[in-house]
Amino acid sequence: MLAVLVQKIDAMLYRRGFALGDARRLMRNQMLLGTLGSVAAVLVTGFSTWGFSFAAGALLISINFWWLSKAAQELVRVRQGAMFTLLMLFYGRLLLTGAAIALLIVWFGASAFGLLAGLSTVVVNATLWGILQIRHKVPNVGNGKEA
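Each value, and the rule that gives it
The residue count restarts for each chain, going from 1 along the sequence in the order it is written. pLDDT decides what is reported in this predicted model: residues at 70 or higher carry local features, side-chain atom pairs at 80 or more are listed and counted, and totals for whole chains, interfaces and linings draw on all residues regardless. Water and hydrogen atoms play no part in the side-chain values, which are based on all heavy atoms of the structure. Salt bridge, as applied in this entry: a Lys or Arg side-chain nitrogen positioned within 4 Å of an Asp or Glu carboxyl oxygen. Numbering goes from the N terminus for both helices and strands, where a helix is a DSSP run of H or I of at least four residues and a strand is a run of E of at least two. Accessible area is worked out with a 1.4 Å probe on protein chains only. A residue is then buried under 20% of its type maximum, exposed over 50%, and partly exposed in between. As a per-residue quantity, pLDDT reports the predictor's confidence and falls between 0 and 100. Only the six-membered ring of Trp is used, alongside the rings of Phe and Tyr, when aromatic pairs are assigned; centres must lie within 6.5 Å, and planes under 30 degrees apart are stacked while those over 60 apart are edge-to-face, with the rest tilted. Cavity: a set of points on a 1 Å grid over the protein atoms alone where a 1.4 Å probe fits but cannot get out. Pocket: an open set with protein on both sides within 12 Å along at least five of seven lines, its lining residues, like those of a cavity, having an atom within 4 Å of a point. Grid points are joined across faces, edges and corners, and a volume is the space filled by probe spheres set on the points. Basically, the charged four are Asp, Glu, Lys and Arg, the nonpolar ten are Ala, Val, Leu, Ile, Met, Phe, Trp, Tyr, Cys and Pro, and anything else, Gly included, counts as polar. Patch definition: residues with relative accessible area over 30% and no salt bridge; like charges joined within 9 Å; nonpolar side chains (Val, Leu, Ile, Met, Phe, Trp, Tyr) joined within 5 Å. Accessible surface is estimated by sampling points in the Shrake-Rupley manner with a 1.4 Å probe; for residues, cover comes only from the protein chains shown. What is meant by a nonpolar core is a set of buried Ala, Val, Leu, Ile, Met, Phe, Trp, Tyr and Cys residues, joined one to another through side-chain atoms within 4.5 Å. Contacts were defined at the residue level, with two residues in contact if any of their heavy atoms lie within 4.5 Å. One fewer than the residue count of a helix, multiplied by 1.5 Å, yields its expected span. By construction, the arc corresponds to the directions joining the helix axis to the C-beta atoms.

What to know about the pattern of salt bridges
- Across all of its chains, the model carries two salt bridges by this definition.
- In this structure, Asp10 engages Arg28 in a salt bridge whose closest nitrogen and oxygen atoms are separated by 2.8 Å. Pair noted here: Asp10 is in helix α1 (residues 2–15) and Arg28 is in helix α2 (residues 21–44), with a separation of 18 residues, a long-range link.
- On the basis of relative accessible area, Arg28 is assigned to the buried category, the value being 11%.
- Measuring nitrogen to oxygen at the nearest pair gives 2.7 Å for the salt bridge that ties Arg25 to Asp22. One end of the pair, Arg25, and the other, Asp22, are both in helix α2, three residues apart, so they sit about a helical turn from each other.

Things to note about the confidence of the model for the protein chain
- Averaged over all residues, the pLDDT of the protein chain equals 87, while 87% of them reach at least 70.
- Mean pLDDT across the elements of the protein chain ranges from a minimum in helix α4 (residues 82–106), with 87, to a maximum in helix α5 (residues 112–119), with 96.

Overview of the packing of aromatic side chains
- Counted by the stated rule, this structure contains four aromatic pairs.
- When the ring of Phe18 is compared with that of Trp66, the centres are 4.9 Å apart and the planes differ by 70°; the resulting orientation is edge-to-face. Of this pair, Phe18 sits in the loop between α1 and α2 while Trp66 sits in helix α3 (residues 49–77), and the two are 48 residues apart along the sequence.

Brief notes about the layout of surface pockets
- Its boundaries defined by the atoms lining it, the largest pocket holds a volume of some 220 Å³.
- Surrounding the largest pocket, Ile61, Asn64, Phe65, Leu68, Phe90, Arg93, Leu94, Thr97 and Val122 form its lining.
- When residues of the lining of the largest pocket are traced back to their parent elements, those giving at least two are α3 and α4.
- By residue class, the composition of the lining of the largest pocket is six nonpolar, two polar and one charged.

Quick look at a nonpolar patch on the surface
- Residues Met83, Phe84, Leu86, Leu87, Met88, Phe90, Tyr91 and Leu94 make up a contiguous nonpolar surface patch of roughly 830 Å² in combined accessible area.
- Residue classification places Leu94 among the partly exposed positions, given a relative accessible area of 48%.

Digging into the environment of Gly57
- Considering the arrangement of structural elements, one finds Gly57 in helix α3.
- Since its relative accessible area comes to 0%, Gly57 is described here as buried.
- Between the C-alpha atom of Gly57 and that of Ala117, which follows or precedes it by 60 residues, the distance is 7.2 Å.

Thoughts on the nonpolar core
- The biggest cluster of nonpolar side chains holds 14 residues, and the ones touching the most others in it are Leu13, Phe18, Met27, Phe65 and Trp66.
- Of all the secondary structure elements, the ones that give two or more residues to this core are α1, α2 and α3.
- Excluding residues that lie within four positions of it along the chain, Trp66 makes contacts with Met12, Leu13, Arg16, Phe18 and Met27.

Quick word on α1
- Taking 1.5 Å of rise per residue, 14 residues should cover 20 Å, and α1 covers 20 Å from first to last C-alpha, within 8% of that figure.
- If you check which residues of α1 are buried, you get Ile9, Met12 and Leu13. Projected onto a plane normal to the axis of α1, the buried residues spread over an arc of 100° and lie on a single side. Facing away from the buried surface of α1 by more than 90 degrees, the exposed residues are Ala3, Gln7, Tyr14 and Arg15.
- At the exit of α1 stands Gly17, carrying a positive phi of roughly 105°.

In structure tokens, the structure reads:
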């Protein structure tokens, strides 16, 4: 069942422009981690403000990660003016994210710690992906008796 879900998400991401396999895997894992983590946080905390704040943070960072991944793939192809475009996208996204976080905390009473925990799902995702990349590139080590 999970394999079918992963395959469907990968196909959807490919149709949406995630041509690079690593970008697609990172985004898929972020979607799964954010969704499963949010459901768990809401259920475990008994539908509390913290659980919904976690879900809001995970959604916010997943949207940010989506746009960052899409922009990075496009900038690989564009050479002239790419730095200016990258900086504008970065600061624009940063400004919108800051405004969304302030709105969530001030107007909706979201838990700052819950939001921070939800936002950190992208760090967990990137760390796990990096560990798996290193693990797959490590050569097999013999027992020392080959020489």
